[in-house]
Amino acid sequence: MSSEAVIETQGLTKRYGRTWALRGLDIAVESGQIYGLLGPNGAGKTTAIRVLTGLVRANGGQARLFGRPAGSVPVRKRHCVGVMVEEAAFYGYLSGRDNLKLLASLSGGVSRQQIDEVLELVGLAERGNDRVATYSHGMRQRLYLAQALVPRPEVLILDEPASGLDPRGQVEVRNLLRKLNRERSVTVFLSTHLLHEVEELCTHVAVLLNGQVVAGGPVEELLGSRQVRLEVLTDDPQRALRILRGYQAVNEVRSRRKGVEVYCPPHAVADVNEMLVDEGLRVFGLIPHRETLEQLYMRLTEEDEATPTADN
Ligand code: ATP
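Residues numbered from 1 in each chain as written. Predicted model: local features only at pLDDT ≥ 70, side-chain atom pairs only at ≥ 80, totals over all residues. Heavy atoms only, no water.

On to the pattern of salt bridges, then. This model, assessed by the stated rule, comprises 13 salt bridges. For the salt bridge of Arg239 with Asp236, the shortest nitrogen-to-oxygen distance reads 3.6 Å. A relative accessible area of 27% means that Arg239 is categorised as partly exposed. The residue Glu252 makes a salt bridge to Arg254 at a minimum N-O spacing of 2.8 Å. Accessibility expressed as a relative area gives 36% for Glu252, which makes it partly exposed. Assessed through its relative accessible area of 33%, Arg254 is described here as partly exposed. (Salt bridge = Lys/Arg side-chain N within 4 Å of Asp/Glu carboxyl O. Buried < 20%, exposed > 50% of the residue type's maximum accessible area, 1.4 Å probe, protein only.)

In structure tokens form, the structure reads like this:
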């Protein structure tokens, strides 16, 4: 296992009956990263988080937090890891504040000031003394996040933190996580369905499909390194089409009114220009558009979306 990884899995497998939820999951999250686990329904995101937080036991492979087996000590008691998973249950007849106090007392208690601070951070300062039974779904979601923040964690593990929040709530949670990451160096590991959440918040991403990582790495690199759509503005689109169709590095080329549209890896952009100019064409513009995360995600998941995970 890598010594720098705060969270790491290697060949992690988990099956529920005949269904393989994880089929050899390899991820490594380093200190300071905001790491997003992305994938369609049933890809294994929640299972990965539940194994990492010690809520379920894996069938094989390794899952480690700070270099120690993930399930060995209840994660919440370590003080350095804040966990937000669906299983956190609140007492409806108690206030949000009292629920936080109660949960914190299980791991040694917490000061009033600390509770005030987290209620403020998640935007519940004004409703903290109201009974949880009167909270909306989004407010409960904020309370889940608040209880994860109480131990002033070094690492936050969050299962769909923005789920059920309205657009303003989603932006607030994103801003909060960014702030915790920048100002307090909190490492964040989260699962999500929200592509723009990954693009706007995460430094790293792993796309999960059928319990395995199908693409992963720094978000910037992943988006920039694959393929660009290049608009080429030229005086002779038909000839440009013929020339570029013969160039191996070009994956696809289409005719456009004022030029051609080329799909190629970023490193081939300069060659495209050179080839056209060498052939005597005038190139007025080369406009690269990088693949969006949505396009990448759709491409990676479209073929296997319906693949059953049971072994039969
Ligand atoms: P979603 O985005 O819908 O939350 P997910 O990526 O979090 O999905 P998991 O909840 O980890 O996916 O589920 C992975 C697979 O394991 C699915 O096929 C699911 O049906 C199965 N699974 C998860 N939990 C259980 C369980 N307790 N019992 C049986 N099967 C389960």
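Past the structure itself, the notes keep going.
The grouping of Asp271, Glu274, Asp278 and Glu279 at the surface amounts to a negative patch. Following the sequence through the fold, Glu274 ends up in helix α9 (residues 269-278). For Glu274, a relative accessible area of 48% translates into the label partly exposed. (Patch = residues over 30% accessible without salt bridge, like charges linked within 9 Å, V, L, I, M, F, W, Y side chains within 5 Å. Areas by Shrake-Rupley, 256 points an atom, 1.4 Å probe, with all protein chains shown as cover. Lys, Arg positive; Asp, Glu negative; His and termini not counted. Charge placed at Lys NZ, Arg CZ, Asp CG, Glu CD. Helix = DSSP H or I, 4+ residues; strand = E, 2+ residues; numbered from the N terminus.)

Here we take up helix α5 (residues 167-184). For α5, with 18 residues, the first-to-last C-alpha span of 25 Å sits near the 26 Å given by 1.5 Å per residue. Buried within α5 are the following residues: Gly169, Gln170, Val173, Arg174, Leu176, Leu177, Arg178, Leu180 and Asn181. Once α5 ends, the next one or two residues include Ser185, with phi positive near 55°. (Expected span 1.5 Å × (residues − 1).)

Those residues of helix α3 (residues 112-121) not exposed but buried are Gln114, Ile115, Val118 and Leu119. For α3, the buried positions fall inside an angular range of 135° around the axis, keeping them on one side. Residues Arg112, Gln113 and Glu120 are exposed on α3 and point more than 90 degrees away from its buried face. On its buried face, α3 is in contact with α2 (96-105) and α4 (137-149). Immediately beyond the C-terminal end of α3, within one or two residues, lies Gly123, with a positive phi of roughly 80°. (Arc of directions from axis to C-beta. Contact = heavy atoms within 4.5 Å.)

Around the ligand lies a shell of 14 residues, among which Gly42, Lys45, Thr46, Thr47 and His193 are the nearest. Within the contact set of the ligand, an oxygen atom lies 2.8 Å away from a side-chain nitrogen or oxygen of Thr46. Considering the ligand on its own, with 630 Å² of exposed area, one finds that the protein chains cover 64% of that surface. At the level of secondary structure, the elements contributing two or more residues to the shell around the ligand comprise β2 (19-30) and α1 (45-52). (Near = heavy atom within 4 Å. Polar contact = N/O pair within 3.5 Å; in protein donor to acceptor, adjacent residues only side chain to side chain.)

Take the nonpolar core next. Leu143 and Leu177 are the most contacted members of the largest nonpolar core, which totals 44 residues. Element by element, the count of residues in this core is highest for α4, at seven residues. In this structure, Leu177 is in contact with Ile34, Leu156, Leu158, Pro161, Val188, Leu190 and Leu201, ignoring residues within four places of it in sequence. The next biggest cluster of nonpolar side chains, apart from the first, holds 25 residues, and it includes Ile27, Ala43, Ala63 and Phe189. (Core = buried A, V, L, I, M, F, W, Y, C linked by side-chain atoms within 4.5 Å.)

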